[in-house]
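Analysis of the macromolecular model
As a plain string of letters, each chain reads:
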Amino acid sequence: MTEKSPLIEAQEKFSQAVPFATMPAESIALSQALGRTLHSDLLAPEDAPPYHRAIVEGFAVHIADTQAASDTNPVQFKIVGNVQPGDEQCPTFGKGEAVEVNTGSILPDGPIAIVRMWDCKREGNSFTITRPFPPRFFIEDRGCDIKQGSVVLAKGSVIEAKDIGTIASLGLDKVSVARQPRVTLFSSGNEVIAHTQSLKPGSIRDCNGPMLSAAVIAAGGIPQFGGIMGDDFEGFVAAVRNALKQSDMIVISGGTAVGGRDFISDLISEVGELLVDGVPMKSGRPLIMGIAAGKPIVAVAGHPPEALRGFRLFGVAAFNRMLGRDVALPVDN
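An account of the accompanying structure is given in this report. (Residues numbered from 1 in each chain as written. Predicted model: local features only at pLDDT ≥ 70, side-chain atom pairs only at ≥ 80, totals over all residues. Heavy atoms only, no water.)

1. Digging into the packing of aromatic side chains
The relative placement of two aromatic rings is captured by the distance of their centres and the angle of their planes. Here is the rule: A pair of aromatic rings is counted whenever rings of Phe, Tyr or Trp (Trp by its six-membered ring) have centres within 6.5 Å, and the orientation is called stacked for planes under 30 degrees apart, edge-to-face for over 60 and tilted otherwise. Comment: elements are numbered from the N terminus, with helices defined as DSSP H or I runs of at least four residues and strands as E runs of at least two. To sort residues, take the accessible area from a 1.4 Å probe on protein chains only and compare it with the maximum for the residue type: under 20% means buried, over 50% means exposed, and anything in between is partly exposed. The criterion for a charge sitting over a ring is simple: Lys NZ or Arg CZ within 6 Å of the ring centre, and within 35 degrees of the ring normal.
In total, this model carries 9 aromatic pairs according to the counting rule given. Where Phe 59 meets Phe 127, the ring centres are 4.4 Å apart and the plane angle is 20 degrees; that geometry is what we call stacked. Highlighted residues: Phe 59 in strand E4 (residues 58–62) and Phe 127 in strand E9 (residues 126–129), separated in sequence by 68 residues. Here Phe 59 falls in the buried class, since its relative accessible area comes to 0%. The class of Phe 127 is buried, set by a relative accessible area of 1%. Between the aromatic rings of Phe 236 and Phe 263, the centroid separation amounts to 6.1 Å while the plane-to-plane angle is 50 degrees, which identifies the pairing as tilted. Of this pair, Phe 236 sits in helix H4 (residues 233–244) while Phe 263 sits in helix H5 (residues 263–271), and the two are 27 residues apart along the sequence. By relative accessible area, Phe 236 is classed as buried at 0%. Taken together, the ring pairs connect Phe 186, Phe 233, Phe 236 and Phe 263 into an aromatic cluster. Directly above the ring of Phe 133 sits Arg 131, whose terminal nitrogen or CZ lies 4.1 Å from the centroid.

2. Regarding the side chain of Asp 163
The criterion, for reference: We call two residues contacting when some pair of their heavy atoms lies within 4.5 Å.
Tracing the backbone shows Asp 163 in helix H2 (residues 161–169). Overall, the relative accessible area of 8% leaves Asp 163 in the buried class. When sequence neighbours within four positions are dropped, the list of residues in contact with Asp 163 reads Leu 153 and Val 158.

3. Details of helix H1 (residues 6–17)
So the rule is basically this: Given the number of residues in a helix, its expected span is that number minus one, multiplied by 1.5 Å.
Helix length check: H1 (12 residues) gives 17 Å between terminal C-alpha atoms against 16 Å at 1.5 Å per residue, within 8%. For H1, the secondary structure elements touched by its buried residues are strand E18 (273–277), strand E19 (288–292), strand E20 (295–300) and helix H6 (304–323).

4. Examining the sheet that holds E4
Strands belonging to one sheet form pairs held by backbone hydrogen bonds; the direction of such a pair is parallel or antiparallel. The cut-off we apply is this: Pairing between two strands is assigned when DSSP locates at least 2 bridges connecting them. Angles shown run from 0 to 180 degrees and are taken between the N-to-C directions of axes, each axis being a line fitted to C-alpha atoms and, for helices, limited to the stretch in contact.
Read across the sheet, 6 strands follow the order E7-E4-E6-E5-E9-E8 without closing on themselves; strand pairing throughout is mixed. With partners counted over all chains shown, the strands left at the sheet margins are strand E7 (112–116) and strand E8 (121–123), one partner each. Strand-to-strand, the axes of this sheet are offset by a mean angle of 35 degrees, without reference to chain direction.

5. Describing the packing of helix H3 (residues 208–219) against H6
In plain terms, the rule: Under this scheme an angle from 65 to 115 degrees is roughly perpendicular, one under 35 degrees roughly parallel, and one over 145 degrees roughly antiparallel; angles in between are oblique. In this scheme, a crossing is called left-handed if the near helix is turned counterclockwise away from the far one by less than a right angle; it is called right-handed if the turn is clockwise. Gly is put with the polar residues, along with every residue not named as nonpolar or charged; the nonpolar set is Ala, Val, Leu, Ile, Met, Phe, Trp, Tyr, Cys and Pro, and the charged set is Asp, Glu, Lys and Arg.
Look at H3 against H6: their axes get within 10 Å of each other, and the N-to-C directions meet at 30 degrees. Classed by the angle they form, the pair H3 and H6 counts as roughly parallel. By crossing handedness, the relation of H3 to H6 is classed as right-handed. Contacts from Asn 208, Met 211, Leu 212, Ala 215, Val 216 and Ala 219 of H3 reach H6 at Pro 304, Ala 307, Leu 308, Phe 311, Val 316, Phe 319 and Leu 323. Looking at side-chain class alone, the contact of H3 with H6 contains 12 nonpolar, 1 polar and no charged residues.

And the structure:
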């Protein structure tokens, strides 16, 4: 058996501690549903297609009338009507009769078939065939794509553009999705200043706040910047505790150790349970994870590329759990 890497072990330990599908449901317009996560199975309110229909142009005939047809015994049909897409019903036709159809035309049930234009020889209001046809040949039966009551999209699915089309085809304009997690982000370090401020010796602009906020949006959440926190342990603890009252998740970048103290590890232990205290891998020390009152806390490096990498590996994993997405853990690449 292949031994798990320290990263995977850390991801599993953390993600398994994050409660699954904790975000409550909300009903939203279909136009706003792209990228959202279904809160419950979406069941089809009707069959699709909603009626039997032709999928080629040609002639509807009773198959019993075609069985004796051959090259040496052509069988003739009389065209007694036609049905266009949008018509509510197909004209009736009897033995030796046919109805001209177009792609999408409504058709009746029963042992009928479509004779395509190139499968027959037409002369005026009649045509002949030289071979038999099987039942329901080139006919889409009602519900062949989706049966009423069947699961169209499973809960936990992330709604894609193609899903929007499917949902719309069923006449639905509202969907029940998981509420987007609210995420409070903190940047930390006495040297960190707002990205809009002028640089001074010894300072660095905070790019992690805007960058990780964008990553939260991309993952399906709503970011709120909690501010740049200095190396004030008690002040930081108070800020995180306050943020936990109104947020579903906390993300912290930087500030792993201050003055020889495991600053972020101690902070997480103070407000909740420390689960991952660094990962034994390259650039893994700043990866510190915990949970407080069922809410994940993700701490990543201050170095921007590593901060984004850490969020992708652990923050996205937490999102998947909270939103009820039953997917594999994010991989390191």
